[in-house]
Amino acid sequence: MIGIFRAGRSLNKEIHMPKITNLHDVYVEQLKDLYSAETQLIKALPKMAKAAHSPDLAQGFEEHLEQTKEHAARLEEIFRGLDEKPTGKTCKAMEGLIKEGAETIQENASPAAKDALLIAAAQRVEHYEIAGYGTVRTYANLLGEEEAVKLLDQTLQEEVETDEKLTEAAQSINVEAEEEQEEAPAPSHRR
Ligand code: FE
Ligand code: FE
């Protein structure tokens, strides 16, 4: 008996049984990716707020930090319901977006231009999250995870609202950035 069992196991190893075999597994994998993204953002958003020149923009980042903590907590709640752990995956895309954000923070830019750059980085992040939450909400719907659908939908709406607020903030900040350029001393032509 033991011999047969062992033979079966080694056969499984040889054909590399996939770890992800159904939509539930895909759902869990995608939720872990989002959890990693949200926890990375909790560390990055205070730095974005500190780098912002416009008090409104800084406050917007602070507010979204509080929402982001809530997003991570909602995912933890979903994982508790699934009897799974949210950890164990690193969202490499968010890692990259945050690296770009960090470059933006370091950039030698005039105040409004810096704010315009911060908004550009933040909107990339929001769109990434919007895509991710839309996908997992669809999975949760199909899997009949009604509570999770509600939680994921709440987060999705907050990501969309944040993106809209950033678009609104950009309307004045982009114009300021344009005027900043006009105010800068004209290059000398007498060299
Ligand atoms: Fe979020
Ligand atoms: Fe967000």
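Provided above is the structure to which this section pertains.
So, here's what we can say about the structure. Note that the structure is predicted; figures quoted are calculated from it, not measured.

What follows is about a nonpolar patch on the surface. On the surface, a nonpolar cluster with roughly 250 Å² of combined accessible area is contributed by Leu-23, Leu-142 and Leu-143. Structurally, Leu-23 can be placed in helix H2 (residues 23-51). The class for Leu-23 is partly exposed, based on a relative accessible area of 30%.

Attention now moves to the coordination of the iron ion (ligand 2). Donor atoms from the polypeptide that bind the iron ion (ligand 2) are His-64 (NE2), Glu-126 (OE), Glu-126 (OE), Glu-129 (OE) and Glu-159 (OE), placed at 2.0 to 2.6 Å. All donors of the iron ion (ligand 2) come from a single chain, and their spacing in sequence reads H-x61-E-x2-E-x29-E. The metal-metal distance between the iron ion (ligand 2) and the iron ion (ligand 1) is 3.3 Å, with Glu-129 coordinating both. Residue Glu-126 is found in helix H5 (residues 111-142), and its partner Glu-159 is found in helix H6 (residues 146-183); the two are separated by 33 residues along the sequence. Per residue, the accessibility class of Glu-126 equals that of Glu-159, and both read buried.

Let us look at the nonpolar core. Membership of the largest hydrophobic core comes to 19 residues, with the highest contact counts inside it found for Tyr-27, Leu-31, Leu-75, Ile-78, Tyr-133, Val-136 and Leu-152. Of all the elements in the fold, those that place two or more residues in this core are H2, helix H3 (55-82), H5 and H6. Beyond its immediate stretch of four places on either side in the chain, Leu-31 contacts Leu-75, Ile-78, Phe-79, Leu-82, Val-136 and Leu-152. One finds Ala-58, Phe-61, Leu-65 and Leu-118 within the second-largest nonpolar core, a separate group that totals 17 residues.

So, about the coordination of the iron ion (ligand 1). Here the iron ion (ligand 1) is held by the protein donor atoms Glu-38 (OE), Glu-38 (OE), His-71 (ND1), Glu-129 (OE) and Glu-159 (OE), which lie 2.1 to 2.4 Å from it. Mapping the donors of the iron ion (ligand 1) onto the primary sequence gives the spacing E-x32-H-x57-E-x29-E. Residue Glu-129 is classed as buried on the basis of its relative accessible area, which comes to 1%. Residue Glu-159 is classed as buried on the basis of its relative accessible area of 0%.

The next point concerns the environment of Ile-119. As for its position among the elements, Ile-119 is in helix H5. Beyond its immediate chain neighbours, meaning those up to four positions away, Ile-119 contacts Leu-57, Leu-166, Ala-169, Ala-170 and Ile-173.

A few words now on the pattern of salt bridges. Taken as a whole and judged by the stated rule, the model has six salt bridges. In this structure, Lys-89 engages Asp-33 in a salt bridge whose closest nitrogen and oxygen atoms are separated by 3.1 Å. Note that Lys-89 is positioned in the loop between H3 and helix H4 (92-106) and Asp-33 in helix H2, a separation of 56 residues in sequence. Judged by relative accessible area, Asp-33 falls into the buried class, the value being 12%. The shortest N-O distance in the salt bridge between Glu-66 and Lys-69 comes to 3.4 Å. Highlighted residues: Glu-66 and Lys-69, both in helix H3, separated by three residues, approximately one helical turn. The exposure class of Glu-66 is partly exposed, given its relative accessible area of 46%.

Its location among the elements puts Asp-115 in helix H5. Of the side chains with opposite charge, Lys-114 lies nearest to the buried Asp-115, which makes no salt bridge, at 7.7 Å. For Asp-115, the side chain forms a polar contact with the main-chain nitrogen of His-53, separated by 2.8 Å. Once residues within four sequence positions are removed from consideration, Asp-115 is found in contact with Ala-51, Ala-52, His-53, Ser-54, Leu-57 and Ile-173.

Criteria and thresholds
- Note on numbering: residues in each chain are counted from 1, in written sequence order.
- Lettering of chains starts at A and numbering of ligands starts at 1, both following the order in which they are written.
- Local features are withheld for residues below a pLDDT of 70 in this predicted model, meaning they are given only at 70 or higher, and side-chain atom pairs are given and counted only at 80 or more; totals for whole chains, interfaces and linings count all residues.
- Side-chain calculation: all heavy atoms of the structure are included, whereas hydrogens and water are not.
- Put simply, a patch holds well-exposed residues, over 30% relative accessible area, that have no salt bridge, with like charges counted together within 9 Å and Val, Leu, Ile, Met, Phe, Trp or Tyr side chains within 5 Å.
- All accessible areas in this document rest on Shrake-Rupley with a 1.4 Å probe, and a residue is counted as covered only by the protein chains that are shown.
- Criterion for a salt bridge: a side-chain nitrogen of Lys or Arg within 4 Å of a carboxyl oxygen of Asp or Glu.
- In this text, helices come from DSSP runs of H or I with a minimum length of four residues, and strands from runs of E with a minimum of two, each type numbered from the N-terminal end.
- For every residue, the accessible area (1.4 Å probe, protein chains only) is compared with the maximum for its type, and the residue is labelled buried under 20%, exposed over 50%, or partly exposed between those bounds.
- Here the coordinating atoms are restricted to nitrogen, oxygen and sulfur within 2.8 Å of the metal centre, or 3.2 Å for Na, K and Ca, and because water is not among them the sites may look incomplete.
- Each nonpolar core is a collection of buried residues, namely Ala, Val, Leu, Ile, Met, Phe, Trp, Tyr and Cys, held together in the definition by side-chain atoms within 4.5 Å.
- Any two residues whose heavy atoms approach within 4.5 Å are treated as being in contact.
- Here the positive residues are Lys and Arg and the negative ones are Asp and Glu; neither His nor the chain ends is included.
- Polar contact criterion, stated in full: a pair of N or O atoms within 3.5 Å, where within protein one must be able to donate a hydrogen and the other to accept it, and residues adjacent in sequence count only if both atoms are side-chain atoms.

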